[in-house]
Amino acid sequence: MTSRVAVLSDIHGVLPALEAVLAEPDVRAADRIVLTGDIAAGPLPVQTLDLLDSLGERALWISGNADRELVQDEPSPDPVSAWAAGRLRPDQTERLASLPACAELDIEGLGRVLFCHATPGGDEEMVLVDSRPARWAEVMAAVDEGVGTVVCGHTHMPYARIAHGRMIVNPGSVGMPYGRPGAHWALLGPGVELRRTPYDSAAACARIAAESAFPDAAEWADAYVNARVSAEEAIAVFGPLDGRDA
């Protein structure tokens, strides 16, 4: 059984944000670090993957839709993803291609915890903190009844809620937060804590602009590191995708 687990989701190749989170004492002390997908699709993909690789067996990697798009034959419609895919070394591409869609840990105080990117059923399925109960029932229908907590990412907005007797946790995004700047993550065991690591966003944006060869790196960093997209704007876009308007 694992005592403490740090969950990092949606890093999106934002190396300064990742470095800030990995420097947190509770992350350094965690037994395991779970990466719930969308790891490298961003302005510093190679460096981000190399840093995470240095964590060795402490890190449990899970695939996200952006990771899948980095290694597929057809280029991603997202410009930064298409660019990042061409920068990865063969060993990095191979690793991303081999990542599982879900993984499970037994965590002290929580029991069986299932980790995925978007939902247990798919890496692009949409659920939000205010998704209707019927939607949560659909999403959790195939999850083993012994799993008491499900951790997912994908929407870049942190929350923790109960749905049909299960704790659902979204740690938010390390590299592309919606609603509030900072690197968002979660600490599990024996309870659930949503965490936020502040860091120097101006310095991060300048570093990304200087170190990334992505043509629009400066504009990309300004938009996402500074969280120019509000949670309300994100929910307005994502909300219809959970079927609430059907």
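See above for the structure.
Residues numbered from 1 in each chain as written. Predicted model: local features only at pLDDT ≥ 70, side-chain atom pairs only at ≥ 80, totals over all residues. Heavy atoms only, no water.

Q: Could you clarify how one ought to interpret the pattern of salt bridges in this entry?
A: Between side chains of opposite charge, pairing is possible as soon as their charged atoms come close. Across all of its chains, the model carries 17 salt bridges by this definition. Among the ionic pairs, Asp242 bridges to Arg244, the shortest N-O distance being 2.8 Å. It is possible to trace a salt-bridge network through shared partners that takes in Arg4, Asp26, Glu193 and Arg195. (Salt bridge = Lys/Arg side-chain N within 4 Å of Asp/Glu carboxyl O.)

Q: How should the side chain of His154 be read in this particular structure?
A: Within the secondary structure, His154 is located in the loop between strand E6 (149-151) and strand E7 (159-163). A distance of 3.2 Å separates the side chain of His154 from the side chain of His117, its partner in a polar contact. Apart from residues lying up to four places away in sequence, His154 is in contact with Ser9, Asp10, Asn65, His117, Ala118, Asp123, Glu124, Glu125 and Met126. (Helix = DSSP H or I, 4+ residues; strand = E, 2+ residues; numbered from the N terminus. Polar contact = N/O pair within 3.5 Å; in protein donor to acceptor, adjacent residues only side chain to side chain. Contact = heavy atoms within 4.5 Å.)

Q: How should the packing of aromatic side chains be read in this particular structure?
A: The geometry of an aromatic ring pair is captured by two quantities: the separation of the ring centres and the angle between the planes. A complete count under the given rule lists 3 aromatic pairs for this structure. Measuring from centroid to centroid gives 5.6 Å for Trp83 and Phe214, while their planes differ by 50°, and the two rings are tilted. Of this pair, Trp83 sits in helix H5 (residues 79-85) while Phe214 sits in the loop between helix H8 (201-211) and helix H9 (217-225), and the two are 131 residues apart along the sequence. Exposure class is identical for Trp83 and Phe214. Each is buried. Ring geometry for Trp220 versus Tyr224: centroids 4.9 Å apart, planes at 50°, classification tilted. Here the residue Trp220 and the residue Tyr224 both occupy positions in helix H9, the gap between them amounting to 4 residues, near one helical turn. A relative accessible area of 24% places Tyr224 in the partly exposed class. (Phe/Tyr/Trp six-rings, centres within 6.5 Å; stacked < 30°, edge-to-face > 60°. Buried < 20%, exposed > 50% of the residue type's maximum accessible area, 1.4 Å probe, protein only.)

Nothing here speaks to function; it is all geometry.
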